[in-house]
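Report on the structure
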Amino acid sequence: MRTRTEGILTVNAVLQPEIDSELERTLWRIYRDFFDTAEKKRRWRIREDIPWNDCNPNLDPAIADVVETFCCVELYLPDYISKILPLVRASKGRAWFYANWGYEESKHSLVLGDWLLRSKHRTEEYMADLEKKVFAREWNLPHDCALGMLAYAMVQEHATFINYRNLKVRVAELGGDPALETILNYVSIDEAAHFGLFRQFYELFLKFDREPALVALRPVLNQFQMPAIHDLLDENKRRIAEVRDLGIFNEEIFFRDIYGYFLNFLGISRSEMRGPRVKKSLAT
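Here's what I pulled together on the structure shown here. Note that this is a predicted model, so its numbers are computed, not measured.

1. Details of helix α2 (residues 21–42)
In a regular helix each residue adds 1.5 Å, so 22 residues correspond to 32 Å; α2 covers 30 Å between its end C-alpha atoms and thus fits that length. The set of residues buried in α2 consists of L23, E24, T26, L27, I30, Y31, F34, A38 and R42. Summarising the axial view, the buried residues of α2 lie within an arc of 165°, below the 170-degree limit, and thus occupy one face. Counted as exposed and oriented over 90 degrees from the buried face of α2: E22, R25 and K40.

Structure (structure tokens):
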């Protein structure tokens, strides 16, 4: 039996999916509200809005290491965009949002890289070599359908917001850096806005057809990794350890601020996250 969202779950670049017209109109309205609000209240400029003269070259080196890690995550933007757009091409609301999302994420990679250079924690040569290493590897979609990627993006954006928020707190505690703290404030606000949009999209699908939406969310929450890109980075174990040691992100934060948070605001029970019970055969 075909579900109402079956067409959306099987979007690809060749076949045009069947998209409920009312659902699509709502997706577009949500995106336009997001875009108009961003234009009016949230846009910021890298050159003009950061107090670059206040960079702290004596900030704890561990902070610079984490900033570098987050910068590397952001540098995979070409893979993120090029691989998600074919899945949502037939949905104007989602496609236009991902294009806007890519613009804002590109600012994040630029501003984090600029801070590493202006603060003297990294050199031009080092950053050029780092970018070569990043671009030599390819990130692939962790889920093969549009709804699965929507659930993934929603959870990742909230976790990313938490990462940047907690990093800003640690910067203040470990000597302070007005430039980096300003950057992290802007980036955190962007990530919170992205999460808000993805959340509205996902809640719409959850209301539209609950079971497929739950099927898409289960592997995201039950097999969560953050940052999910670590396996593509050099010295990934050290990078993960630094994030944990600084209290930016760890298992406790995940269960409190990610897993429990999502189940609470989405109204999902833990049993639903485990999925339907399968009866054991009498022959086994």
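2. Points about unusual backbone geometry
At K120, a residue that is not glycine, the phi angle is positive and equals roughly 70°. Along the polypeptide, K120 turns up in the loop between α6 (92–118) and α7 (124–135). Using a relative accessible area of 69% as the deciding quantity, one classes K120 as exposed.

3. Points about the side chain of K83
Inspection of the secondary structure puts K83 in helix α5 (residues 77–88). Overall, the relative accessible area of 18% leaves K83 in the buried class. For K83, the side chain forms a polar contact with the main-chain oxygen of W139, separated by 2.7 Å. Non-local contacts of K83, meaning those with residues more than four positions away in its chain, are made with E138, W139, N140 and L141.

What counts, and where the lines are drawn
- Residues numbered from 1 in each chain as written.
- Predicted model: local features only at pLDDT ≥ 70, side-chain atom pairs only at ≥ 80, totals over all residues.
- Heavy atoms only, no water.
- Helix = DSSP H or I, 4+ residues; strand = E, 2+ residues; numbered from the N terminus.
- Expected span 1.5 Å × (residues − 1).
- Buried < 20%, exposed > 50% of the residue type's maximum accessible area, 1.4 Å probe, protein only.
- Arc of directions from axis to C-beta.
- Polar contact = N/O pair within 3.5 Å; in protein donor to acceptor, adjacent residues only side chain to side chain.
- Contact = heavy atoms within 4.5 Å.

Shape is all these values report; function is a separate question.
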